[in-house]
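Listed here are the chains, written in short residue letters.
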Amino acid sequence: MDKAASFLSSLLGGGGGSPEPAATVKSILIYPVKSCRGISVPQAPVTATGFRWDRQWMLVNSKGRAYTQRVEPKLALVDVELPPEAFAEDWQPTPDDHMVIRARGMEPLRVPLVAERATIDDVSVWEWSGSAYDEGAEAAEWFSIYFGKPSRLVRFKEVSETRLTDPEYARGYKTMFSDGYPFLIASQGSLDALNEILQEPIQINRFRPNILVDGCHPYAENLWRTIKINRLTFLGVKLCSRCKVPTINQDNGIPNPTEPTETLLTFRSDEVLRPSHKSKRKVYFGQNMVCKESLSPTGKGRTIKAGDPVYVLQSFSSSDEVPA
């Protein structure tokens, strides 16, 4: 077996050499309720729609339209807790298991993970609309009080609904209530490099990645076309354009009028990164990804852990080549 074949074989799970990883998984972050605070977990199973439990719930208004921090920055202050064992690969919830939701000035809300639920029609998030499970009157009252207007907590109805990713970038893949893709990767090096030039440093929770890696050069993750983590293949499909959310302080829910967007515009805008393309006046931080194995029936061993090495199989030659 020559060196190239040995290298590839080792990444695909065969014998051979031991190539150097490009980075290490520093943190895995799950956001059970869309736009609420995330949970840092030691491991997470990969499902057909992303990490298990990720964006499985969201808040909607009286018309069924999704709330996000863009219009409801108070979502940043809502803590979500799941049983620690919920992130084990084979764990199944019982009627005694709950998601617990907390916010300042509110009594904790316990949402059963297994329960009979009614269905709400005409629930929508971005381009998608369909039916979803209604988490009931108690949750609706809790969030209506918190936001000061009629609100409901809904859960993705996976038995009857499918939400596909944009086929222009990732044909055939699925997600739940994420903005558009099942995984977002970013690096500690990118955050550190940004903080070096910001007047007030920020935390990674402004960017809400699912996979935070460390050990690579700043912004290297944006050029990764194909990577391996614990024998799972992740494909980089689209640079993540950033909206208003990174300007919102996740500790108090207060937006900054300009930062970090203004600083990112100076070196992470499409004009800088993608000069041969038409400018959209967007800034980019992190890359959207899909997992190849999520297309096939569920199998064992589809879990990634904090500390896992990240191997790069294929890279884009420049940021100008990366889809966005």
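Residues numbered from 1 in each chain as written. Predicted model: local features only at pLDDT ≥ 70, side-chain atom pairs only at ≥ 80, totals over all residues. Heavy atoms only, no water.

Here we look at the pairing of strand 14 (residues 183–187)
This is how it is decided: Exposure classes here rest on a 1.4 Å probe applied to the protein chains alone. A residue is buried below 20% of its type maximum, exposed above 50%, and partly exposed in between. Runs of H or I in DSSP of at least four residues are treated as helices and runs of E of at least two as strands, each being numbered from the N terminus. Pairing between strands is defined by DSSP: at least two bridges between the two strands are required.
Within strand 14, 5 of the 5 residues are buried, which leaves it mostly tucked inside the rest of the structure. Pairing geometry for strand 14 and strand 18 (residues 284–291), over 3 bridges, is antiparallel. By the bridge assignment, F183 is partnered in strand 18 with M289. Direction of pairing for strand 14 relative to strand 15 (residues 211–214): parallel, over a ladder of 3 bridges. Residue pairing across strands places I185 opposite I211, the latter belonging to strand 15.

Focus on the side chain of D134
Quick note on the threshold: Nitrogen and oxygen atoms within 3.5 Å of one another constitute a polar contact, given that in protein one can donate a hydrogen and the other can accept it, and given that sequence-neighbouring residues count only through two side-chain atoms. In this analysis, two residues are considered to be in contact whenever any of their non-hydrogen atoms come within 4.5 Å of each other.
Secondary-structure assignment places D134 in strand 10 (residues 128–134). A distance of 2.9 Å separates a polar atom in the side chain of D134 from a polar atom in the side chain of R152. D134 has contacts with R117, A118, I120, R152 and L153, leaving out every residue within four places of it along the chain.

Topic: the pattern of salt bridges
Inclusion rule: The salt bridge criterion pairs a side-chain nitrogen of Lys or Arg with a carboxyl oxygen of Asp or Glu, the two atoms within 4 Å.
Counted according to the given criterion, the structure contains 11 salt bridges. The shortest N-O distance in the salt bridge between D179 and R70 comes to 2.6 Å. Linking D179 in the loop between strand 13 (174–175) and strand 14 with R70 in the loop between strand 5 (57–60) and strand 6 (79–81), this pair joins segments that are 109 residues apart in sequence. Overall, D179 belongs to the partly exposed group, its relative accessible area being 38%. Across the pair D90 and K300 runs a salt bridge, and its minimum N-O distance is 2.9 Å. With D90 in the loop between strand 6 and strand 7 (98–102) and K300 in the loop between strand 18 and strand 19 (303–305), the pair connects residues that are 210 residues apart, well separated along the chain. The residues D90 and K300 share a single accessibility class, namely exposed.

Focus on the environment of Q287
Looking at where Q287 falls in the secondary structure, it is placed in strand 18. A sequence separation of 63 residues divides Q287 from W224, and the C-alpha atoms of the two residues are 8.5 Å apart.

Notes on the packing of aromatic side chains
Under the convention used in this document: What counts as a ring pair is set by centres within 6.5 Å for rings of Phe, Tyr and Trp (its six-membered ring), and what kind of pair is set by the plane angle: stacked under 30 degrees, edge-to-face over 60, tilted for all other angles. Geometrically, a charge over a ring is one whose NZ (Lys) or CZ (Arg) sits within 6 Å of the ring centre while staying within 35 degrees of the ring normal.
What the rule picks out here adds up to 15 aromatic pairs. Seen in terms of ring centroids, F51 and F183 are 4.9 Å apart; in terms of plane orientation they differ by 85°. Their pairing is edge-to-face. One end of the pair, F51, is in strand 4 (residues 50–51); the other, F183, is in strand 14, with 132 residues separating them in the sequence. The exposure classification of F51 matches that of F183, with both residues buried. Ring centres of F143 and F147 lie 6.2 Å apart, and the angle between their planes is 20°; on these two criteria the pair is classed as stacked. Placement of both F143 and F147 in helix 2 (residues 137–147) is noted, with a separation of 4 residues, approximately one turn of the helix. An identical accessibility class is assigned to F143 and F147; each is buried. Pairwise contacts between aromatic rings join Y67, W142, F143, Y146 and F147 into one cluster. The ring of Y133 carries R117 above its face, with NZ or CZ at 5.5 Å from the centroid.

Topic: the sheet that holds strand 9 (residues 118–125)
Definition in use: For helices, the fitted axis covers only the stretch in contact; all axes are lines through C-alpha atoms, and the angles between them, taken along N-to-C directions, range from 0 to 180 degrees.
The strand order across the open sheet built from 4 strands is 5-11-10-9, with neighbouring strands paired in antiparallel fashion. Each edge of the open sheet is held by one strand with a lone partner, namely strand 5 and strand 9. Going from strand to strand, the sheet's axes swing by 50° on average, the running direction of each strand aside. Pairing geometry for strand 5 and strand 11 (residues 152–156), over 4 bridges, is antiparallel. Each residue of the ladder has a partner; that of M58, found in strand 11, is V154. The strands that helix 2 touches are strand 5 and strand 11; relative to strand 11, the one it contacts most, it runs at about 125°.

Notes on the confidence of the model for the protein
Applicable threshold: Confidence scores labelled pLDDT are given residue by residue by the predictor and lie between 0 and 100.
The pLDDT averaged across the protein works out to 94; a share of 94% of its residues lies at or above 70. Low pLDDT (under 50) marks residues 1–17, which in the prediction has 18 contacts with non-local residues, meaning those over four places away or in another chain.

With respect to the sheet that holds strand 7
Pairing in this open sheet of 3 strands is antiparallel, and the strands run 6-7-8 from one edge to the other. The open sheet has two edge strands, strand 6 and strand 8 (109–112), and neither has a second partner. Strand-to-strand twist in this sheet, taken as the mean axis angle between neighbours without regard to direction, amounts to 20°. Where strand 7 and strand 8 come together, 4 bridges link them in antiparallel fashion. Bridge pairing in strand 8 places M99 opposite V111.

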